[in-house]
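This is what each chain is made of:
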Amino acid sequence: MLIAGNWKMFKTPSEAASFCRALRESIGDVGNVDVAVCPPYVALANAIAELAGSEISVYAQNVHWAENGAFTGEISTGMLAELGAAGSIVGHSERRQYFGETDETVAKRAKATIDAGMKVIACVGELESERDANETEAVLARQLAPIVSEIGVHERLVIAYEPVWAIGTGKTASPAQAEDAHAFIRSIIDVPILYGGSVKPDNAGELMSQPNVNGALVGGASLDVDSFVSLCAAAAVVA
Ligand code: PGA
């Protein structure tokens, strides 16, 4: 089971360093749970330095597919690898909604990261209007198609199912809704599948005990050390 904290645009480099120092001290034995943090680019080096030699890995929140080039504002897999990042999230719904990310660019980013020997957490998920229109499965199938054709099942590929209506809203998918979506995703691509969307220490246990839920991508509740540690501990009970 993987619990990954997506910090989004929170924490400066020095805040990241103190968070990671505290996390390392307080995480304790989380058994079968792999723990990761995903700081903003400028805080990656500090997070990696503070967590060096620990079991906690560090991922970026996005990565470009080209090795280098005229892509202002983008970061390559080679740059992340040199820092010591384990991999990257790609295709977060905020990237899709606000920064023009498409199913195809998400798959290109994912493929380049896998090809660079790194790990990928590729995010998919439907809007509330799509769920209401019974389009959830069609949307998931469409988002997954280029990932399946570019990469397919791979040991370094993880999918995160994040219903957009549940992100940062406190409206978590019910365990049954999550399980249904995860089972559908697994019928398309059989890799570990994380749930994301308002995962908190008090709902993590039930969500993580669904048979097709293999971990969580956590936003808000990953920003506070105590809350992130309790969430990891709750996952460890059912892992
Ligand atoms: P949230 O965010 O836990 O704050 O809902 C999850 C995510 O966007 O990855």
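First things first, this report covers the structure right here in the doc. Because the structure is predicted, anything quoted here is derived from the model rather than measured. Every chain begins its residue count from 1, and numbering advances along the sequence as written. Side-chain atom pairs in this predicted model are given and counted only at pLDDT of 80 or more, local residue features only at pLDDT of at least 70, and totals for whole chains, interfaces and linings cover all residues. Derived side-chain values reflect all non-hydrogen atoms in the structure, with water molecules and hydrogen atoms excluded from consideration.

**Observations concerning the environment of S88**
- Tracing the backbone shows S88 in strand β4 (residues 87-90).
- Burial here depends on accessible area, computed with a 1.4 Å probe over protein chains only, as a share of the maximum for the residue type. Under 20% is buried, over 50% is exposed, and the range in between is partly exposed. Look at S88 and you get buried, because its relative accessible area is 0%.
- In the structure, S88 is positioned 78 residues away from A166 in sequence and 22 Å away in space, judged by C-alpha atoms.
- Should any heavy atoms of two residues lie within 4.5 Å, those residues are considered in contact. In contact with S88, not counting residues within four places along its chain, are Y59, A60, Q61, N62, V63, L80, T113, K119, V120 and I121. Only runs of H or I of at least four residues qualify as helices and only runs of E of at least two qualify as strands under DSSP, and these elements are numbered from the N terminus.

**Considerations on the site of the ligand**
- In the vicinity of the ligand lie 13 residues, with K8, H92, E162, G168 and S198 positioned nearest.
- Residue K8 places a side-chain N or O atom 2.7 Å away from an oxygen atom belonging to the ligand.
- Within the contact set of the ligand, an oxygen atom lies 2.6 Å away from a side-chain nitrogen or oxygen of H92. Near is defined per residue: the residue qualifies when any heavy atom it owns lies within 4 Å of the molecule or strand. For this analysis, a polar contact is any N or O atom pair within 3.5 Å, provided that within protein one partner can donate a hydrogen and the other can accept it, and provided that sequence-adjacent residues contribute only side-chain to side-chain pairs.

**Some thoughts on the pattern of salt bridges**
- Definition used for salt bridges: Asp or Glu carboxyl oxygen within 4 Å of a side-chain nitrogen of Lys or Arg. Using the criterion set out here, one finds 11 salt bridges in the structure.
- Of the charged contacts in the structure, one is a salt bridge between K8 and E94, with a shortest N-O distance of 2.8 Å. Of this pair, K8 sits in the loop between β1 (2-6) and α1 (13-26) while E94 sits in helix α4 (residues 93-98); the two residues are 86 residues apart in sequence, bridging distant segments of the chain.
- On the basis of relative accessible area, K8 is assigned to the buried category, the value being 18%.
- Residue class for E94 comes out partly exposed when judged on its relative accessible area of 23%.
- The partner of E128 in a salt bridge is K171, and the shortest N-O contact between them spans 2.8 Å. Note that E128 is positioned in helix α6 (residues 128-132) and K171 in the loop between β6 (157-161) and α8 (175-188), a separation of 43 residues in sequence.
- Take E128: its relative accessible area is 37%, and that puts it in the partly exposed class.
- Taken together, the shared-partner salt bridges in this structure form one network comprising E74, R95, E101 and R109.

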